[in-house]
Amino acid sequence: MIFGLALVVVAAILVVVWAVPMLSAAAGDLRGLILPVGMILGSLATLAAYYYAFFRQDNPFNGFRVILGVLAGMIVYYFLATGAVGLYESLKAGTFGAAGIGEPIVNLVLAVAVVAVFGFLVAARTSIRRVLENIFSVPDLLKKVAFTLALLCIYRIGFHIPLPGLNQEALSGFMQRQSGGPLGQAMEYFAMFTGGNLQKCTLFGLGIMPYISASIIFQLLVTVVPALEKLQKEGQAGYKKIQEYTRYATVVLCIVQAIGIYKFVMNPKYTNLYPQYADSIGVFLMAIFGLTAGTMFLMWLGEQIDEYGVGNGISLIIMAGIVARMPWAIRELISRASLKVTGAGGDDIGMIKIIFLIAAFVFVVAGSILITQAQRRIPVQQAKHTRGRRVYGGQRQYLPLRVNHGGVMPIIFASSLMMFFNAPANWIAGAWPNNWFAAFLGKAFNMNDLVYQLVYVGMIFFFAYFWTTVQFRPKDMSDQLRDNGSFIPGLRPGKRTADYLERVMERITYCGAAFLALIAVIPQVVAANMGIPFNIAAYLGGTGLLIMVSVALDVVQRIEAELIMRNYGGFLSGGGRIKGARG
């Protein structure tokens, strides 16, 4: 209720301070009237929705439908208004070609798509609406979902807070000049996997990557340092101690990376700093501490989501950054689209490339769902117990082993390590331009190079096996089966069962890692060879889409588990659960 009231107050302030002056200034200009009229109508609709949802409705889901309907209506209004005005201006000017009416028609189609999605989600009697009603019927689950969304909103707010002393116009021009080269691709790649934004040097510019790097370091050290291995075996107390060491290492990595970024982006020769702050120690320290504090705050947000929300906090932060960039990638694709087969110019995207992006989108989404849900089911027989005249047990069940046990973490870990190698390689190539080995390093760690892709695939395999080794304990599983009076038919309980489980897990992990590398690398390599911009291919048919789908599936499975635990139906109306999610 407080949030809704604050939303209404903000809407009223925007109308008085911004919309009314814009309305008077844009009199007679159809395009100029779209935004102020929409703000006024949206504010009135928000006020009505707030009153209806909180004072006229006892069902929380109906209140949610009203508020969501207002938001969908505002989006539909914008698309309809811009599409209608653009179509009117094109017809008035006599431009009947694809270049004149293409964008207005796309806006009209998007308006229809928003209406269809809204109707499918909360208006029609679909399984998605039923699940949403079930979520609103469970107060604890609703609080977890709302808490997770609130923290992600806080993350997006901090995403736009710039560092002090920066000339944003100069920085934007500098990043625009670098966008087409290897540096621009590296920064876009960095932003996609970290949840940060180096292209604007905001408070969350480093993102969550230093924490992920520190976690990788300590997970590797646990396997080779006896003291850390002993701590891990102590249970929850040892885990908390290792997490404390990880946080200290995160601070060190943040400071090192922040200094490197400051020295590069805020170099006086690039004029990205205001002149009066060029040699200021105070601005330097504020930038370093700001970037470090931003990463530590994101780490804290992720831990809070893990404890009180739904899903893996770190993965959700990365997913939120990818989802926020997808509309921009779609808009960029629409602006560059051409009805010609190969494209009208060097920057245009022709029909062949668009068809490839659509196919890559379907392939990555379908592959992500397949590899996430795939299981190898091991038959488990429960021993019979005779008590008096009754016989208990004897049922046959299945032990589900996931083909991709690590989920999306192997790709995140591999990408973070590749970015760690990319920066020193580029620095060496720039420092010794005439040295053949330095030139080879600079070329090899370019994202479009064959060596980079081969090393990337190798890293995915390594971290898939590493994550499985850390998380999957065949000996402990074998002991649990024996203690519960269960066994795998044809195998003795104990060492033989553990060896069998380990051998099966090694084989299915190989298949899972191979398929994960395939759907992560192939679309990206083909897109690069076809000349599709990286910032479009990565989000609509590459690694970014793969991460988004995998994390979304994980969240869906956790919500479904909460619903089934409370005897509510899951996301599928038939079986009440996602196929393959459990045995």
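Cut-offs applied
- Residues numbered from 1 in each chain as written.
- Predicted model: local features only at pLDDT ≥ 70, side-chain atom pairs only at ≥ 80, totals over all residues.
- Heavy atoms only, no water.
- Patch = residues over 30% accessible without salt bridge, like charges linked within 9 Å, V, L, I, M, F, W, Y side chains within 5 Å.
- Areas by Shrake-Rupley, 256 points an atom, 1.4 Å probe, with all protein chains shown as cover.
- Salt bridge = Lys/Arg side-chain N within 4 Å of Asp/Glu carboxyl O.
- Helix = DSSP H or I, 4+ residues; strand = E, 2+ residues; numbered from the N terminus.
- 1 Å grid on protein atoms, 1.4 Å probe; cavity = no way out; pocket = protein on both sides within 12 Å on 5 of 7 lines; lining within 4 Å.
- Points joined across faces, edges and corners; volume = space filled by probe spheres on them.
- Lys, Arg positive; Asp, Glu negative; His and termini not counted.
- Charge placed at Lys NZ, Arg CZ, Asp CG, Glu CD.
- Buried < 20%, exposed > 50% of the residue type's maximum accessible area, 1.4 Å probe, protein only.
- Nonpolar A, V, L, I, M, F, W, Y, C, P; charged D, E, K, R; others polar.
- Expected span 1.5 Å × (residues − 1).
- Pairing = 2+ DSSP bridges.
- Contact = heavy atoms within 4.5 Å.
- Axes fitted to C-alpha atoms, helices over the stretch in contact; angles between N-to-C directions.

A. Region of the structure containing a nonpolar patch on the surface. Side chains of Trp436, Phe437, Phe440 and Val451 sit close together on the surface and give an oily, nonpolar patch of about 460 Å² of accessible area. Mapped onto the fold, Trp436 is located in helix 16 (residues 436–444).

B. Broad picture of empty space enclosed by the protein. Enumeration according to the criterion identifies 2 cavities of 30 Å³ or more in this entry. The space that makes up the largest cavity amounts to roughly 40 Å³. Around the largest cavity, the lining residues are Val403, Asn404, His405, Gly406, Pro410, Ala464, Thr468, Thr509, Gly512 and Ala513. Counting residues per element, the lining of the largest cavity draws most heavily on helix 19 (residues 495–530), at 3 residues.

C. Main features of a positive patch on the surface. Together, Arg492, Arg496, Arg503 and Arg507 give the surface a local cluster of positive charge. Residue position: Arg492 is located in the loop between strand 5 (486–487) and helix 19. Under the relative-accessibility criterion, Arg492 is labelled exposed at 61%.

D. Highlighting the layout of surface pockets. Considered as a void within the structure, the second largest pocket measures approximately 1700 Å³ in volume. Lining the second largest pocket we find 44 residues, and of these Gln219, Tyr239, Asn312, Trp467 and Gln471 sit closest to its centre. Only helix 9 (209–222), helix 10 (226–233), helix 11 (236–265), helix 12 (281–308), helix 13 (313–336), helix 15 (409–431), helix 17 (450–471) and helix 21 (543–565) provide two or more residues apiece to the lining of the second largest pocket. The residue inventory of the lining of the second largest pocket, partitioned by class, reads 13 nonpolar, 19 polar and 12 charged.

E. Spotlight on helix 9. Taking 1.5 Å per residue, 14 residues should reach 20 Å; helix 9 reaches 20 Å between its end C-alpha atoms and fits that length. Of all 14 residues that make up helix 9, 10 are buried, and the element is covered over most of its length. The set of residues buried in helix 9 consists of Met209, Pro210, Tyr211, Ile212, Ser213, Ala214, Ser215, Ile216, Phe218 and Val222.

F. The arrangement of the sheet that holds strand 4 (residues 396–402) in detail. Strand order in the open sheet formed by 3 strands is 4-1-5, and the pairing between neighbours is antiparallel. Two strands lie at the open edges of the sheet, namely strand 4 and strand 5, each paired on one side alone. Pairing of strand 1 (residues 375–382) with strand 5, which is carried by 2 bridges, proceeds in the antiparallel orientation. Paired with Gln381 across the strands is Phe487, a residue of strand 5. Sheet strands touched by helix 19: strand 1 and strand 4. Its angle to strand 4, the strand with the most contacts, is close to 45°.

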